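Architecture at a glance
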Amino acid sequence: MANAVANKHIEKIRSLSVAKRCYLWLLDRGYIRRDVANSISEDNDVALMAFIKKFLEKIHKDPDEFRMNHEDIRILEFIYDGEIWIEDVENVIGVNPESLSLFTRDFCKTRKIACLSFSPEESVIAVAEPWNYALKDEITRRVNSKTHTFIGTPRKTIENILQHHWIRGAEDAEGREFIKVSEMGSISSSRSSEDSSHILVDQIIQRGISENASDIHIEPLRESGGYSVKMRVDGRLYPFPELGSPSDPIEPIVARVKILGKMRVQEVRVPQDGGFPRGSGHHAIDCRVASLPSVLGQGKEKVVMRLLRPTMEESLRTLGFEEDELDYFKDVFSCPNGIILVTGPTGSGKSTTLHCVLQEFVAKKEFSIYTVEDPVEYRLPGAHQVQVLRGVVEFPHAFRAFLRADPDIIMVGEMRDAETVHVALQAAITGHLVFSTLHTNDAPSVVPRLLAMGDANFVVEPYLIASALRGAVAQRLLETLCPHCKLERLLLPEECKVLGIPPGSKKIFDINPSGCSECRHRGVVGRTAIFEMVNFQRVPNWDSVVNENVSHEAIRKACLEGGMKTLFDSARRKLLGGTVSSRSFYNTFGMMTIRSKVEKTAGSL
Ligand SMILES: [Zn+2]
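No experiment lies behind these values; they were computed from the predicted model shown. (Residues numbered from 1 in each chain as written. Predicted model: local features only at pLDDT ≥ 70, side-chain atom pairs only at ≥ 80, totals over all residues.)

1. Points about the environment of isoleucine 52
One can find isoleucine 52 in helix α4 (residues 45–61). Residue isoleucine 52 is classed as buried on the basis of its C-beta count, with 21 C-beta atoms lying within 10 Å. Sequence-distant contacts of isoleucine 52, defined by excluding residues within four places in its chain, comprise Ala19, Cys22, Tyr23 and Tyr80. (Helix = DSSP H or I, 4+ residues; strand = E, 2+ residues; numbered from the N terminus. Buried ≥ 20, exposed ≤ 12 C-beta atoms within 10 Å, placed from the backbone. Contact = placed C-beta atoms within 7 Å.)

2. Looking at the sheet that holds strand β9 (residues 285–292)
As a general point, the strands of a sheet are linked pairwise by backbone hydrogen bonds and lie either parallel or antiparallel. Read from one edge of the open sheet, 6 strands run β7-β6-β5-β10-β9-β8, paired in antiparallel fashion. Since the sheet does not close on itself, it has two edges, and those belong to β7 (236–239) and β8 (272–278), each with one partner. Taking the axes of each pair of neighbouring strands and ignoring which way they run, one obtains an average angle of 20° across the sheet. Where β9 lies against strand β10 (residues 302–308), 7 bridges are found, and the strand directions are antiparallel. Note that in β10 the partner of leucine 292 across the bridge is lysine 302. (Pairing = 2+ DSSP bridges. Axes fitted to C-alpha atoms, helices over the stretch in contact; angles between N-to-C directions.)

3. Details of helix α16 (residues 418–429)
One turn of the α-helix equals 3.6 residues, which is why residues spaced by three or four share an orientation. Taking 1.5 Å per residue as the helical rise, α16 with its 12 residues ought to reach 16 Å, and the 17 Å between its terminal C-alpha atoms agrees with that figure. Taken as a whole, α16 has its buried residues at Thr420, Val421, His422, Val423, Ala424, Leu425, Ala427 and Ala428. Those residues of α16 that are buried lie in contact with β11 (338–343), α15 (395–403), β14 (409–412), β15 (433–438), α17 (446–453) and α18 (462–468). Glycine 431, located one to two residues past α16, shows a positive phi value of around 100°. (Expected span 1.5 Å × (residues − 1).)

4. Observations regarding unusual backbone geometry
Note the cis peptide between aspartate 374 and proline 375, where omega equals -5°. With respect to the helices, strands and loops of the structure, proline 375 is situated in the loop between β12 (369–373) and β13 (384–387). The phi torsion at lysine 365 lies on the positive side, around 60°, for a residue other than glycine. Along the chain, lysine 365 turns up in the loop between α14 (350–364) and β12.

5. Regarding helix α2 (residues 18–28)
For α2, every residue scored as buried is listed here: Ala19, Arg21, Cys22, Tyr23, Trp25 and Leu26. Of the residues flanking the end of α2, it is glycine 30, one or two places downstream, whose phi is positive at about 75°.

6. Focus on the nonpolar core
Soluble globular proteins: nonpolar side chains tend toward being buried together. Core analysis: the biggest nonpolar cluster contains 79 residues, and Ile410, Val412, Ala424, Val434, Ala443, Val473 and Met533 have the highest contact counts within it. The biggest single contributor to this core is strand β16 (residues 469–481), with 7 residues. Here methionine 533 is in contact with Tyr328, Phe329, Val332, Ala443, Val473, Met564 and Lys565, once residues within four sequence places are set aside. (Core = buried A, V, L, I, M, F, W, Y, C linked by C-beta atoms within 7 Å.)

Spelled out as structure tokens, the structure:
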């Protein structure tokens, strides 16, 4: 059987190190001189690898040094990526003429391929351009074996095979590229049948939408193929094994996502990004795609799709405010002019909060509102929104343009450079209201951060900050306990100490590790925000606090005297009130020792 012979040889090649495979090929093709070869120990993989790496480096710097043509460089890279290349595949592996006629001669000739052996278990296909993943996908779709092994071989070898092994009578019927071989049964014969990668990618995205996922990860599992699908739901990454496949190739899936994202499919060595819209009207989402190459081999890329839902479903009421917190929040945002900043790490819901605020202003219909964002996460009818275009429309450009267009309120996605801060300060002191976000851990830190952002061209003066900065809101998202299955438990003495309550019989609700069907056995559903808020205008001696450039602790102390509401208090309330999990509480404040103690205690119960 050709299959058995093929398998033996393929196994043998796979058992060799990549370095050795490259080395043998270079030797075979005469790229390494005999005397050089003699000085290398063939069995020392480390030395061989170093040699191959150096060789590749030299080639990339100057291909002429070894008189290597482009095709051969590609072959070497291909072998280096762990793929199989056999120069004389015709004699080494052998050809099963029946398998050969699985495709029409014309198809084989134009694509430069030859099916060497075939069974429902495994097929072995020789290809002259093994880096052509689109072609390999096409073959995989048509040849319905469990595994497909592609072996790279020179074009000349393919031509020889087609010439010498083609069976008479198996010539092409006109207009058909693929011959049905009924006894092989398992071959997919329909060209018009829907592309399976289309269907699979569709299913994955649909599932992401129905799970309300923020991100979908499709990642390669190993060199030989296979991929897994994970989704971020309510801030946590969950595996979706039913959507992945441990054996099917990832390449067609990635290719499909890249086509949708208007990215270059053939480019598999560098990261790319793209995007596409999906659905329309109220259910419309924007899908932003990022692709990343991996060490697993050429074409084994990971793709991540971020699902942006441009229609706001939240309002200030649903964000997670307690009644008095909402009053304070509205007080901060009711200033007629100045800068108000929302801070927190990426994914803490900053832009959702700002959009909820803007929605309220839009509803009043008496303001001209502009936003510049990167990306525009939500559509806001009634406001004029501009998307950042790197190198064309940056934050400061758009901001200056807004100032010429009679604005009342301007929202800038992020304060990330001196110029934006500078323009924002100017806008604020000339009577406009400016909203933006900043990456800081807490609300008082916005002052030293803004001061530190100034540079020689755009100086950030403390007195400007003192008069322009109105308020800051720091926020985080905590996971909400499933109301159907949450469990009551006693607080540990350590927890009582941290939470500032007397040790004793205080109980809280926490995650039920086995969950219930309502929460898909996760124990948590959705997230809720906690807030730290300060209205700087209420801080005593605010001007001198900023002008004297005091320490972070001193600013924080002054803010607390001015009535700042802290993140910790906000979270503590929600923990004791039974709405959030203790693990997300301790994670947020970096209290890992207590978290693991709680988990150990829960485990021993
Ligand atoms: Zn539940």
